[in-house]
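Per-entry structural report
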Amino acid sequence: MDRQTLSIMKACETVGVSRRTIYNWISAGKVEYVRTAGGSIRIFADTLWRDADARPLPSEMTGTAGSSGR
């Protein structure tokens, strides 16, 4: 069975996050991906929604939580 893949930009649009967030998820192993023969990255669509509760809240992604107040 073939799995559906999405480009980085389409994955961003689909889940409403930035390119940087997608790359962070790739680095953290939160999404599965493949590289095409041309070197592009394609995200497996079914992994974008897996374990959604483990994803950080928007305030955690921006790094604003726990600021020193300077």
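Coordinates for the structure precede this section.
Now for a look at the structure at hand. Just so we're clear, the structure is a prediction, and the values are computed from it rather than from any experiment.

1. Things to note about the overall build of the protein chain
Looking only at helices and strands, one finds 3 helices and 3 strands in the protein chain. For the protein chain, the N- to C-terminal ordering of α and β elements is β-α-α-β-β-α. For the protein chain, the residues scored as buried account for 24% of the 70 residues in total. The contacts in the protein chain between residues at least 6 apart in sequence include a share of 40% that link residues at least 24 apart.

2. Quick notes on the packing of aromatic side chains
Evaluated as defined, the whole model comprises 0 aromatic pairs. The ring of Phe44 has Arg3 lying over it, and the distance from NZ or CZ to the ring centre is 4.0 Å.

3. Considering the pattern of salt bridges
Using the criterion set out here, one finds 2 salt bridges in the structure. With a shortest N-O distance of 3.1 Å, Arg3 and Glu32 are connected by a salt bridge. Within this pair, whereas Arg3 is found in the segment before strand S1 (5-7), its partner Glu32 is found in the loop between helix H2 (19-28) and strand S2 (33-35), the two being separated by 29 residues in sequence. Residues participating in the shared-partner salt-bridge network are Arg3, Glu32 and Asp46.

4. Concerning the nonpolar core
Judged by nonpolar contacts, the single largest core of 13 residues is most densely connected at Ile8, Ile22, Ile26, Ile43 and Leu48. At the level of elements, helix H1 (8-15), H2 and strand S3 (41-44) are the ones that each hand at least two residues to this core.

5. Some words on the sheet that holds S2
Ordered by their spatial adjacency, 3 strands build an open sheet running S1-S3-S2, and the pairing between neighbours is antiparallel. Each edge of the open sheet carries a strand with a single partner, namely S1 and S2. For this sheet, the mean inter-axis angle between neighbouring strands, taken without regard to orientation, is 35°. Where S1 lies against S3, 3 bridges are found, and the strand directions are antiparallel. Opposite Ser7, over in S3, you have Arg42 as the bridge partner. Sheet strands touched by H1: S1 and S3. Its angle to S1, the strand with the most contacts, is close to 100°.

What counts as what
Residues numbered from 1 in each chain as written. Predicted model: local features only at pLDDT ≥ 70, side-chain atom pairs only at ≥ 80, totals over all residues. Heavy atoms only, no water. Helix = DSSP H or I, 4+ residues; strand = E, 2+ residues; numbered from the N terminus. Buried < 20%, exposed > 50% of the residue type's maximum accessible area, 1.4 Å probe, protein only. Contact = heavy atoms within 4.5 Å. Phe/Tyr/Trp six-rings, centres within 6.5 Å; stacked < 30°, edge-to-face > 60°. Lys NZ or Arg CZ within 6 Å of the ring centre and 35° of its normal. Salt bridge = Lys/Arg side-chain N within 4 Å of Asp/Glu carboxyl O. Core = buried A, V, L, I, M, F, W, Y, C linked by side-chain atoms within 4.5 Å. Pairing = 2+ DSSP bridges. Axes fitted to C-alpha atoms, helices over the stretch in contact; angles between N-to-C directions.

What is shown is where atoms sit, not what they do.
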